[in-house]
Structure formats: C-alpha cells, structure tokens
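Each chain, written out:
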Amino acid sequence: MVGEALAGNKKKADEDRATIVWVDEAGFYLLPMAVRTWAPCGQTPVLRVKLTRDHLSAISGITLDGRLFLQVRPASYDAEAVVGFLRVLLRKISGQIVLIWDGSPIHRAHEIKDFLKRGAAKRLHLEQLPGYAPDLNPDEGIWNYLKRVELGNGCCTDLDHLQMQLIRARERLRHKKEIIISCSRQCGYLL
C-alpha cells in the first residue's frame, strides 16, 4: 500500500516533469559519534569531550539525481525556518517540485499553509510519508553518512567548530553524487 502511494507520487512527478525532493531534519551534537577505528594493540583510543546537550539543527533535501540542499542553524527548526528552506528550494530548483517529508507537526503548521496559499503551491506540491517511516525517506541515509562517515570520531570544541566541520562535510558530500543517489536506491527508488 505504501509502495503504491509513493509510486503514485513518482508517476505524478513524471507527468508534471517535477523534481522529487526528499526532506528531513536532524540534530548534530558536540558528543562525537564513535565509530570503528584503528589503534595499537592494548591501547584503546579515548575521545575526551565535555558532556553537553548543545547542538546544531539541520534540514536537508535530496533529489533522485543526486543534488543535496542542506542548511544548518544553532536553533531548532520551527515552521518559519522551514518556510525559509522551502524558499531556497524554489529558488534553486526550476519547474515543479514534489516534496516528500515526514509528518512532523512543523510540516503541518499554519506558516507552511500560508506560504502555499501565497503562491508557492503553484510550483510546490507537499506529500507526507505514512506514519513513522524513516526507512522510506532516503534523506535519513544522508544523516547517517554525515554522522558516521564524514563526522565520525570527530571531537568539536564548540558549536562554531561543529558548524564549520558540518559545512565542510556538506561540501565534500555534494561532490559525491553516487553516495546521495545510493541513499535513494537503498530505499527502493530508482531513476
């Protein structure tokens, strides 16, 4: 049933010659994502960081052809900030856009509805993933790659350092289109 609904979105996008964009939000904390590493026998590597809940919020969108759009901010994303991201997508992507995201309350807020009513609905069509279905959103693979590969084992001293590292990781990932496309393939979406 879910596959049929998503196939319908792909068919609609193909008919309208629209670009499908998968969108999701994530948080990046100062605590490092510890991943496998090498060390001499008997010398366990130790990452020393202060315990804190300080974090950066990020929102990204990926297309089936491997484009990545990612914004980072120190505050959590609210509906107004999401509208700002949608404006960027409308500026950067020509033609119709079918945007697919989860059912977060900020995605259904009145700011989003007002934005659509003010003219964005002419080019932007929003679709919601069913229930909690992260395995259907290829953008989840982007977060996994950024956290485990690009930023894995990294110890940032403060949020500015983390933001700089995340922006650098974003720029490296933008040049790895095959990684972005593989996230879509992993979810069962093909070009």
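Everything here concerns the structure above.
Rules and cut-offs
Residues numbered from 1 in each chain as written. Predicted model: local features only at pLDDT ≥ 70, side-chain atom pairs only at ≥ 80, totals over all residues. Heavy atoms only, no water. Pairing = 2+ DSSP bridges. Helix = DSSP H or I, 4+ residues; strand = E, 2+ residues; numbered from the N terminus. Axes fitted to C-alpha atoms, helices over the stretch in contact; angles between N-to-C directions. Contact = heavy atoms within 4.5 Å. Buried < 20%, exposed > 50% of the residue type's maximum accessible area, 1.4 Å probe, protein only. Salt bridge = Lys/Arg side-chain N within 4 Å of Asp/Glu carboxyl O. Arc of directions from axis to C-beta. Core = buried A, V, L, I, M, F, W, Y, C linked by side-chain atoms within 4.5 Å. Expected span 1.5 Å × (residues − 1). Polar contact = N/O pair within 3.5 Å; in protein donor to acceptor, adjacent residues only side chain to side chain.

**Observations concerning the pairing of strand 3 (residues 68-73)**
Bridge analysis of strand 2 (residues 55-63) against strand 3 gives six bridges, and the strand direction is antiparallel. Residue pairing across strands places G61 opposite F69, the latter belonging to strand 3. Count of turn residues in the strand 2/strand 3 antiparallel hairpin: four residues, of which G66 carries a positive phi of about 95 degrees.

**Digging into the sheet that holds strand 5 (residues 124-128)**
Backbone-to-backbone hydrogen bonds join strands into a sheet, with any given pair of strands oriented parallel or antiparallel. Taken in spatial order, the five strands make up an open sheet running 3-2-1-4-5, and their pairing is mixed. Each edge of the open sheet is held by one strand with a lone partner, namely strand 3 and strand 5. Averaged over all adjacent pairs, the angle separating strand axes in this sheet is 25 degrees, with direction ignored. Sheet topology note: the strand 1 (residues 19-29)/strand 4 (residues 97-101) ladder contains four bridges and is parallel. Looking at the pairing, I20 lines up with V98 of strand 4. Lying over the sheet, helix 5 (residues 159-174) contacts strand 1, strand 2 and strand 3, oriented at roughly 175 degrees with respect to strand 3.

**Re unusual backbone geometry**
For residues besides glycine, phi is generally negative; the peptide bonds are generally trans as well. The backbone of N153 sits at a positive phi, close to 65 degrees, despite the residue not being glycine. Considering the arrangement of structural elements, one finds N153 in the loop between helix 4 (139-150) and helix 5. For N153, a relative accessible area of 23% translates into the label partly exposed.

**Focus on the pattern of salt bridges**
With the rule as written, the count across this model stands at six salt bridges. Here R170 and E171 are joined by a salt bridge, their closest N and O atoms 2.8 Å apart. Between E178 and R185 there is a salt bridge; the shortest N-O distance is 2.6 Å. Taking relative accessible area as the criterion, R185 reaches 42% and is therefore assigned partly exposed.

**Concerning helix 6 (residues 177-186)**
Of all the positions in helix 6, only I180, I181, C183 and S184 are classed as buried. All buried residues of helix 6 project into a common sector of 145 degrees when viewed along the axis, lining one side. Packing partners of the buried residues in helix 6 comprise strand 2, strand 3, helix 4 and helix 5.

**Remarks on the nonpolar core**
Residues W22, F28, I62, I142, W143, L146 and L173 are the most contacted members of the largest nonpolar core, which totals 31 residues. Those elements that place two or more of their residues in this core are strand 1, strand 2, strand 3, strand 4, helix 4, helix 5 and helix 6. Apart from the residues lying within four places of it in its own chain, the contact partners of I142 are I62, L68, L173, I180 and C183. F69, L89, W101 and A120 belong to the second largest nonpolar core, which has 22 residues in total.

**Structural notes on helix 5**
Here helix 5 contains 16 residues, and its C-alpha end-to-end distance of 22 Å stays within 8% of the 22 Å for a straight helix at 1.5 Å per residue. Packing partners of the buried residues in helix 5 comprise strand 1, strand 2, strand 3, helix 4 and helix 6. For helix 5, the N-terminal cap is D158; the gap from its side-chain oxygen to the backbone nitrogen of D160 is 3.3 Å.

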